[in-house]
Amino acid sequence: MPRKRHVPPKIPLVHLVRASWLHQVGQFFTESTLHGVRYIAEAGRPFWEHFAWFCLVLVSAVTTVCIILNLWVRFQTHPTITGPDTSLRFTATVFPTVLVCPVETPFDEDKLEDFNETLLAMSSFGRIGQLVGDEGLVGSLSKVKIDDVRSEIFRNVLSCDEVIGECWFRGTRLEDCCKSFLPVFSEVGFCYAFSAKFYDSERAWVRNPDRKFIYETDKKWGLTFGPLRKSNILIHSYNELSGWEFRPQVQWDEDFAIELLVTMKQTYTTEDARQLSIGQRKCIFPDEVGLQYHEDEYTYSGCMRECRLIKCLKRCGCVPPFYALKPGSTERQCGPADLPCLVNNFTTITRVGRLCQQCELGCNNTVYEIEKYSKVIASEAGKEPLVTIEYLTWPVIRYKREVLFGWVDLLVSFGGIAGLFLGFSLLSGVEIIYFFTMRACCMLYKNRDQLVAIEQEKLRRPPDHFDLNLLPALRRRNLQQRKQPASPDPSQRNVITLSLVEQEFNAVKVPKERGLVLGGLGAQPEHRRLERRLEKMKIMVRPDFFQPVHVAPYSERIKPLDRNVVRTKDGGILYNGYLP
């Protein structure tokens, strides 16, 4: 009968992929250019040396990661620096916007009818906030019939001549102040503004073509005017929009003389900061973000104003009367019936919520600080009841925001730290990717036979057995000694012969008078593999298969001798090992 041919089992593709990847891991540790990595897997080294190099590489890797994370946080939070700029000297600058807003009522009482309280309530966010909690008054005002609140406010508002008297600019008296003080209907109320970029008409915002400059050679760098009514006075940058972000710097009362000395601090950002995100540089360039309800360049006050407008549309479905709609807009203007909704949502609308957190300062930003403030009774001080707003010093203070830590600096820092601790470079990263992707895949297809041989060797290797017996160790040892026969006296043994496999050496004769006794280690994997080989050779194996054997002292060079020398049933000795 013909002998049946042995067909090796088919190896799954997943196992071959795993074998290829594990093989590349060993190759990477052996051939890697990273400092210290090759010593972790180098053959022939003692365990303590492998462990020491592993600890050193691990500490270096952890230190590198920690420093890189700190650099990344710094790059995300403080990549720019702001400092004084002395390279440019100002010879002229735009005068700030000055708003004069009547405090008690902006309306002419002779023109008002019985709906005066309704118009007053809807003239600003401040008036709406005063109605919070007064449900009776809100309910009565919401019943007033007014078709167009914004048009009614413009028809009944105080004129400029009733708010502002004489005025002087740059030391020169202006013949008609109302040509320079234009109406501005904003979130803080109905005001008249000097040097405003936009002013309000009944239906729209209008750009003001008249920009007010002051020059270094002027005999006076300021504005002086005489209010006719108790008014709040606000000062902000020419480019900003008057809104809820600005609070009155001073309140003028009758028969008082006020003097404000201010300094302008301007900050601009260099163009190389555009490589950073808005969150990193914490500012927005004028042409970077467009406003939906305002046709002008980006400003912080314009962004916040648009955010509150969107909240009004979302909560109440209308736009308050102090917001001018764009031409052709389909949004509805709020009327008296919408007043309860505006009052109930006042806190939500005016609060800086998640929607408004996207607003950042402009990269070209100007602020005014009051350096000296004087308010005295005009009659007692012998002065006229006027308000003077003037620059304290010249030149104007200018700051420059520039990139301190950009992408190139970040890359250089990463490379320096990784190279210092690990010898890592960009090519090292490519090498890692190459070993565990392309090289592993190529081995899977070009060296499949080698991978199959590795997996078949794993299949032939019997699984490890673990002693899970709960009996005490001493009791198990006693039971084993009872079952196993006593070992023969080493002096009675005959001369034994060891066959040295895988090397071309003659047999080594072990004389009994010079021999030593080495104990077996039990069911080792080497023993199990040899036992299976003996079974295929039809050699009977005794129960005391792994017994102490008699070997020569010079045979201690053969390692591990006690794991490779076994005894057969007929008393013979087999050695399946190698010379070191």
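This report concerns the structure included in the present document. Note that this is a predicted model, so its numbers are computed, not measured. (Residues numbered from 1 in each chain as written. Predicted model: local features only at pLDDT ≥ 70, side-chain atom pairs only at ≥ 80, totals over all residues. Heavy atoms only, no water.)

A count of helical and extended segments in the protein gives 17 helices and 23 strands. Burial analysis of the protein (580 residues in total) assigns 41% to the buried set. Accessible surface computed for the protein: about 33500 Å², of which carbon and sulfur atoms make up 55%. (Helix = DSSP H or I, 4+ residues; strand = E, 2+ residues; numbered from the N terminus. Buried < 20%, exposed > 50% of the residue type's maximum accessible area, 1.4 Å probe, protein only. Areas by Shrake-Rupley, 256 points an atom, 1.4 Å probe, with all protein chains shown as cover.)

Our focus in this paragraph is helix α8 (residues 300–316). Given a rise of 1.5 Å per residue, 17 residues ought to cover 24 Å, and the 24 Å separating the end C-alpha atoms of α8 matches this to within 8%. Taking burial as the measure, the 17 residues of α8 include twelve buried ones, the bulk of the element. Those residues of α8 that sit buried are Ser-301, Gly-302, Cys-303, Met-304, Arg-305, Glu-306, Cys-307, Arg-308, Leu-309, Lys-311, Cys-312 and Cys-316. Those residues of α8 that are buried are in contact with α4 (125–130), β6 (181–186), β9 (205–207), α9 (339–344) and α10 (346–350). (Expected span 1.5 Å × (residues − 1). Contact = heavy atoms within 4.5 Å.)

Right, let's talk about the state of the cysteines for a bit. All told, the structure shown has eight disulfides when counted by the stated rule. Bridging Cys-283 to Cys-363, the disulfide has an S-S length of 2.2 Å. In this structure, the disulfide formed by Cys-283 and Cys-363 twists by about 85° around the S-S bond and is classed as right-handed. Here Cys-283 is found in the loop between α7 (278–281) and α8, whereas its partner Cys-363 is found in the loop between α10 and β15 (365–377), with 80 residues between them in sequence. When sorted by exposure, Cys-283 lands in the same class as Cys-363, which is buried. (Disulfide = S-S within 2.5 Å.)

Right, let's get into helix α2 (residues 47–77). The terminal C-alpha atoms of α2, which comprises 31 residues, lie 45 Å apart, in line with the 45 Å expected from a rise of 1.5 Å per residue. Among all positions of α2, only Glu-49, His-50, Val-57, Ser-60, Thr-64, Leu-71 and Phe-75 are buried. Each element contacted by the buried residues of α2 is listed here: α7 and α12 (407–422).

Read across the open sheet, the five strands follow the order β6-β7-β3-β12-β13; overall the sheet is antiparallel. The sheet terminates laterally at β6 and β13 (250–252), the two strands that pair on one side only. Averaged over neighbouring strand pairs, the angle between their axes works out to 30° when direction is ignored. Pairing analysis gives six bridges linking strand β3 (residues 97–102) to strand β12 (residues 231–236), with the strands arranged antiparallel. Among the inter-strand pairings, Val-98 is bridged to a residue of β12, identified as Ile-235. (Pairing = 2+ DSSP bridges. Axes fitted to C-alpha atoms, helices over the stretch in contact; angles between N-to-C directions.)

Coordinates in, geometry out; function isn't part of it.
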